[in-house]
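Understanding the architecture of this molecule
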Amino acid sequence: MASNMKAVKLRMKSIESTMQITRAMQLVAASKLRKAKEKADNTRPSFGILRNTLIDISKRNTEFTSVYSKASDSPRWLYVVIAGDRGMAGGYNSNLFKKMVELSQGKDYDVLPLGKKTVEYYKRRNVTILTDSFAEVADINMGDCFSIANIICEVFRKGNYGHIALVYTGFVSMLTQRPDQTSLLPLSDFREAEREEESSGIILYEPDSETVFDAVVPQYLAALIYGAMNESIASELAARRTAMDAATKNAGEMLDKLALYYNRARQASITQEITEIVAGAEGT
Amino acid sequence: MAATFHLQIVSLDGVEFDGMAQQVSCRTIDGEMAVLAHHINYCTAITVGKAVVVLEDGTRRESACVGGMLTMVNNECRLIANTWEWAEEIDVDRARTALAKTEVKLRDASLGESSRRAAQLKKRRAELRIRIAEENGRA
């Protein structure tokens, strides 16, 4: 009985220290989350305006041809996948990879991974990685997003890939984050995009619509990637906060149960000792 | 009083300016240009350069503007920049460090074509930020 009690005590101690870690992680995630969410919210307006302008240009000029609007003949896909640098964030990483498996089924594809977990995941599966120089999501800044956009534009112009898509986690709310995908290139989907617009008449493009379009596309892609990355980071922190909150609660419950068990065992051992003493006293 | 128009300046960091202005000028891919009220509906792309906004009350504000686009539709002007730093917000020390770093990088003969281009662009941005800060008496 005494050895059993010792084991329970040890277990309680280990749970307590785990709980301390999960609680600390939860607090860190919660404090970082506010900033990350603000950043994600800030990016949205510029992205929306850019997108609307590109739709406008492609709608007004039915005859115009841009390298980026035509789908190339290549059947290969390139996925830009954004996941986290670390685990301990509930289903954040695995949900995203599940979505990726679903999306890439039956396709011949390469990836451009953002995030350590993504790099590890695709290296393990021997998928061709375009570049792993953007492995740490936490370190990626706006300049890197432009480099990524330029890489994407370059490989697309060369005709290496027929389609390029972005897979990330959308921040729905503090409690819900959804893995999502959006097409990056070609921009042929812009023509179909329905948008009721105010009659703004003819717009003058300088030097001409194609040049403006070609100059704006890489910026639009960078904005899209930057926005998606900010959303993903906010999602990761929110997921980690929820997961660590649940872990802390579970640890608390386990501690309560073990404390009850420990007290019962202690009481039982005392009772047993008394019984033994009484029996001994009776014997004499 | 000069005619004004509604100007919105948005960068990837959020809304930088939203209000009435008399004039906005910046460097486009086609050269320097300025937009006044009642400009024809217009759209162009912006490169690295100085941008100047003349506010409703005639105050002049300068900024370092990098990339993006400018649209003027029905007297509503939108300037979407990749980065936009008002002269008073520029971190001169950071710009100087960036400039020094890129200069060292550019001296490296083994630098690849794309990284050389990226470094040159970075250098131009740093030079622009320093120039604007200096012109506004901040350095």
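Residues numbered from 1 in each chain as written. Chains lettered and ligands numbered in written order. Predicted model: local features only at pLDDT ≥ 70, side-chain atom pairs only at ≥ 80, totals over all residues. Heavy atoms only, no water.

Structural notes on the overall build of chain A
Threshold: Strands here mean DSSP runs of E at least two residues long; helices mean DSSP runs of H or I at least four residues long; both are numbered from the N terminus. The globule rule used here is 2.2 Å times the number of residues to the 0.38 power, and the radius of gyration it is set against is calculated over C-alpha atoms.
From N to C terminus, chain A includes six helices and five strands. Order of helices (α) and strands (β) in chain A, N terminus to C terminus: α-β-α-β-α-α-β-β-α-β-α. Taking 284 residues into account, the globule formula puts the C-alpha radius of gyration at 19 Å, and chain A, at 28 Å, lies well above it. Overall, chain A is about 115 × 40 × 30 Å in size when its C-alpha atoms are taken along their principal axes.

Digging into the sheet that holds strand β4 (residues 177-185) of chain A
Residues and elements named next belong to chain A. Selection criterion: For two strands to pair, DSSP has to find at least two bridges joining them. Angles here are taken between N-to-C directions and fall from 0 to 180 degrees, while the axes themselves are lines fitted to C-alpha atoms, restricted in helices to the stretch in contact. Whether two residues touch is decided by their heavy atoms; if any such pair falls within 4.5 Å, the residues are in contact.
What the four strands build is an open sheet, ordered β2-β1-β3-β4; its pairing is mixed. Either end of the sheet is taken by a strand with one partner, and the two such strands are β2 (109-114) and β4. This sheet shows a mean twist of 25 degrees between the axes of neighbouring strands, independent of strand direction. Alignment of strand β1 (residues 77-82) against β2, held across six bridges, turns out to be parallel. Looking across to β2, one finds that Y79 is bridged to V111. Across the face of the sheet, helix α3 (residues 116-124) comes into contact with β1 and β2 while running at roughly 150 degrees to β2.

With respect to the nonpolar core
To be explicit about the condition: Only buried residues count toward a nonpolar core. Its members are Ala, Val, Leu, Ile, Met, Phe, Trp, Tyr and Cys residues joined through side-chain atoms within 4.5 Å. For every residue, the accessible area obtained with a 1.4 Å probe (protein chains only) is divided by the maximum for its type, and the residue is called buried under 20%, exposed over 50%, and partly exposed between those limits.
One finds L114(A), I152(A), I164(A), L185(A) and L221(A) to be the most contacted residues of the largest nonpolar core, which totals 50 residues. With 13 residues, the top contributor of residues to this core is helix α6 (residues 209-283) of chain A. Look past the residues within four positions of L185(A) in its chain and what remains in contact with it is Y68(A), I152(A), C153(A), F156(A), G162(A), H163(A), I164(A), V217(A) and L221(A). Ranked by size, the runner-up nonpolar core spans 23 residues in total, among them C26(B), V35(B), I46(B) and W86(B).

A look at the packing of aromatic side chains
We apply this condition: Stacked, tilted and edge-to-face are the three classes assigned to paired rings of Phe, Tyr and Trp, where Trp is represented by its six-membered ring and a pair needs centres within 6.5 Å; plane angles under 30 degrees give stacked, over 60 edge-to-face, the rest tilted. Two limits define a charge over a ring: the Lys NZ or Arg CZ must be within 6 Å of the ring centre, and within 35 degrees of the ring normal.
Tallying each qualifying case throughout the model produces seven aromatic pairs over all chains. Taking 4.0 Å as the distance between ring centres and 10 degrees as the angle between the ring planes, the aromatic pair formed by F97(A) and Y121(A) counts as stacked. Residue F97(A) is located in helix α2 (residues 92-104), and its partner Y121(A) is located in helix α3; the two are separated by 24 residues in the primary sequence. Taking the relative accessible area as the measure of exposure, F97(A) reaches 8% and is therefore buried. Since its relative accessible area comes to 12%, Y121(A) is described here as buried. Considering the side-chain rings of W84(B) and W86(B), the 5.3 Å spacing of their centres and the 85 degrees angle between planes classify their relative orientation as edge-to-face. No difference in accessibility class separates W84(B) from W86(B), as the two residues are buried. In this structure, K107(A) packs its charged tip against the face of W77(A), placed 4.1 Å from the ring centre.

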